[in-house]
Amino acid sequence: MTKNISRKKGFVFKTYEAPNQSPFEKLFDVFKELITHTSGDFDEAIDWLRELDKEYKLTTPEYTVDDFIEDLKKKGYIREEIDPDGNGGLAITAKTERAIRQQALDQIFGSIKRSGQGNHKSKSPGIGDEHTGDFRNYQFGDALDKVSMTESLKNAQINNGIGNFRISEDDLVVEETLHKSQMSTVLMIDISHSMILYGEDRITPAKKVAMALAELITTRYPKDTLDILVFGNDAWQIEIKDLPYLKVGPYHTNTVAGLQLAMDLLRRKRNTNKQIFMITDGKPSCLRLPDGQYYKNSNGLDKHIVNKCYAMAQQARRLHIPITTFMIAQDSYLMQFVREFTYANQGKAFYTGLKGLGEMIFEDYETNRKKRIRG
């Protein structure tokens, strides 16, 4: 007698259960967000953490904020520091800076898996180290290590038979490979006052994107180069480790100075592939004159300043340096400036809110970066 067993298929719905995290890990995730918002100020971040703890009960009697601080010390995330006035305090370490960059990478590029190679494929086959699975006949000058012995021996057997086996040049085949190109990138970050104007915090998301991009390139594209600069009244270069501490200043927006420095940095690179990413939310409003004085006009798109920007865009085009502008303001007259700037460079422009900024930077970096969008 057989027994019928009924098996049902379907979905099972249950209450969401958060990943099992230790008390330290839960607080550390919040702490990394706070330390980014406070531009690396440990004391301010801890003050905010205590306030959040009061409201949301982040800790327990068994594990308090003070216990968390002690664990930060033991794990090497913070250190004692003496300021020039002789006062002591706590500051984050390079280990924390790296953790913040990794968190930014997970947040913005989280769906992308890392690759150990870390290079960018070009569109055409040639001499390289990325196998395509396609074969072609051997040509004089091909490297011997590119010859596919398995396919070549098979051809020799087919052409000459097994009994009188011999292999000739006509039997040889080469596996196609893709050339992997290097890229030199300069990331420009606008730190003019408008990045925190009207109660909107635009600098924190911009920093997150910069940190994520830095972590992406240094881990996935180790052969590439990344230079980061900030621009306000002037432009200056910063290090990757400086990103968490970046603050907005009482500056106008000297886009020309930023572009000049970016191109100076790229001229020193031997790579043929070069590009500029520019994150900005405001109109160009400042120039430094030859005599060292500043010409400023924050009321509108000053024709003299704008024409200088267009000239810089054209100069970058002549140097084969595409500029990708990420415009995070929605004013129609500013968007029109970006369109004309992009047309002058034959580069790219994205008009976006802050939420999509990181994803679009990644898509532009990862896919065909030589594609030109005419504004």
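The model shown is predicted, which means the values in this text are computed figures rather than measured ones.

Structural notes on the overall build of the protein
A count of helical and extended segments in the protein gives 10 helices and 13 strands. Among the 375 residues that make up the protein, the fraction classed as buried is 45%. At a minimum sequence separation of 6, the contacts of the protein that also span at least 24 residues come to 68%. Roughly 21,700 Å² of accessible area belongs to the protein as shown, and the carbon and sulfur atoms make up 50% of that amount.

Notes on the sheet that holds strand β6 (residues 184–190)
Read from one edge to the other, the open sheet built from six strands follows the order β8-β7-β6-β9-β12-β13, with strand pairing classed as mixed. Both edges of this open sheet fall to β8 (235–238) and β13 (348–351), since each of them pairs with a single strand only. Across the sheet, the mean angle separating the axes of adjacent strands is 20° when strand polarity is ignored. One ladder, built from four bridges, connects strand β7 (residues 225–231) with β8; its direction is antiparallel. Its bridge partner lying in β8, Val 230 is registered against Trp 236. Contacts between helix α7 (residues 255–267) and the sheet are confined to β6, β7, β8, β9 (274–280) and β12 (323–327), with β6 contributing the most and set at about 160° to the helix. Against the sheet, helix α9 (residues 332–345) makes contact with β9, β12 and β13, and its axis sits at roughly 170° relative to β12, the strand it touches most.

Side note on the confidence of the model for the protein
In the predicted model, the protein carries a mean pLDDT of 82, and the fraction of residues at 70 or more is 80%. Of all helices and strands in the protein, the one with the weakest mean pLDDT is strand β3 (residues 120–126) (49), whereas β8 scores best (98). The low-confidence segment residues 123–127, where pLDDT is below 50, has nine contacts with residues more than four positions distant or belonging to other chains. In the model, residues 365–375 has pLDDT below 50 throughout and makes 33 contacts with residues more than four positions away in sequence or in other chains.

Side note on the pattern of salt bridges
One pass over the structure, following the stated rule, counts 15 salt bridges. Residue Arg 98 is joined to Glu 215 by a salt bridge in which the shortest nitrogen-to-oxygen separation is 2.5 Å. In this pair, Arg 98 sits in helix α4 (residues 94–109) while Glu 215 sits in helix α6 (residues 203–220), placing the two residues 117 residues apart along the sequence. The class for Arg 98 is partly exposed, based on a relative accessible area of 38%. Glu 215 sits in the buried class, given a relative accessible area of 1%.

A closer look at the packing of aromatic side chains
Counting across every chain of the model gives 12 aromatic pairs. Pairing Phe 31 with Phe 68 gives two aromatic rings, centres 5.8 Å apart and planes at 70°, and the pair type is edge-to-face. On the criterion of sequence distance, the pair formed by Phe 31 in helix α1 (residues 23–37) and Phe 68 in helix α3 (residues 65–74) is long-range, its members being 37 residues apart. Judged on exposure class, the residue Phe 31 and its partner Phe 68 are both buried. Aromatic rings pair up to connect Phe 24, Phe 28, Phe 31, Phe 42, Phe 68 and Tyr 77 into one cluster.

Describing α1
Here α1 spans 22 Å end to end across 15 residues, near enough to the 21 Å set by a 1.5 Å rise per residue. Burial in α1 covers these residues: Phe 24, Leu 27, Phe 28, Phe 31, Lys 32, Leu 34, Ile 35 and Thr 36. Backbone geometry just downstream of α1 places Ser 39 in the positive-phi region, at approximately 55°.

What to know about a negative patch on the surface
A contiguous patch of negative charge, built from Asp 41, Asp 43, Glu 44 and Asp 47, is present on the exposed surface. Its location among the elements puts Asp 47 in helix α2 (residues 42–56).

Focus on the packing of helix α8 (residues 303–318) against α9
In a packed pair of helices, the relevant descriptors are the angle between the two axes and the axis-to-axis distance. One way to put it is that α8 packs onto α9 with a least axis distance of 7 Å and a crossing angle of 30°. Taken together, the axes of α8 and α9 lie roughly parallel to each other. Between α8 and α9 lies a crossing whose hand is right-handed. Contact residues: α8 offers Val 306, Cys 309, Tyr 310, Ala 313, Gln 314, Ala 316 and Arg 317, while α9 offers Phe 337, Glu 340, Phe 341, Ala 344 and Asn 345. Grouping the constituent residues of the contact of α8 with α9 by class yields eight nonpolar, two polar and two charged.

Thoughts on the pairing of β7
Among the seven residues of β7, six are classified as buried, and the element is accordingly described as predominantly covered. Where β6 and β7 come together, seven bridges link them in parallel fashion. If you follow Thr 185 over to β7, its bridge partner there is Leu 226. At this point the chain moves from β6, through α6, to the parallel β7, and the crossover so formed is right-handed. In textbook terms, the turn of a hairpin is the stretch between consecutive antiparallel strands, and for β7 and β8 this stretch comprises three residues.

Brief notes about α9
Taking 1.5 Å of rise per residue, 14 residues should cover 20 Å, and α9 covers 20 Å from first to last C-alpha, within 8% of that figure. On its buried side, α9 packs onto α7, β9, α8, β12 and β13. Once α9 ends, the next one or two residues include Gln 346, with phi positive near 55°.

The rules behind these values
Residues numbered from 1 in each chain as written. Predicted model: local features only at pLDDT ≥ 70, side-chain atom pairs only at ≥ 80, totals over all residues. Heavy atoms only, no water. Helix = DSSP H or I, 4+ residues; strand = E, 2+ residues; numbered from the N terminus. Buried < 20%, exposed > 50% of the residue type's maximum accessible area, 1.4 Å probe, protein only. Contact = heavy atoms within 4.5 Å. Areas by Shrake-Rupley, 256 points an atom, 1.4 Å probe, with all protein chains shown as cover. Pairing = 2+ DSSP bridges. Axes fitted to C-alpha atoms, helices over the stretch in contact; angles between N-to-C directions. pLDDT = per-residue confidence, 0-100. Salt bridge = Lys/Arg side-chain N within 4 Å of Asp/Glu carboxyl O. Phe/Tyr/Trp six-rings, centres within 6.5 Å; stacked < 30°, edge-to-face > 60°. Expected span 1.5 Å × (residues − 1). Patch = residues over 30% accessible without salt bridge, like charges linked within 9 Å, V, L, I, M, F, W, Y side chains within 5 Å. Lys, Arg positive; Asp, Glu negative; His and termini not counted. Charge placed at Lys NZ, Arg CZ, Asp CG, Glu CD. Parallel < 35°, antiparallel > 145°, perpendicular 65-115°, else oblique. Left-handed = near helix turned anticlockwise from the far one by under 90°. Nonpolar A, V, L, I, M, F, W, Y, C, P; charged D, E, K, R; others polar. Right-handed = clockwise from strand over helix to strand, strands pointing away.

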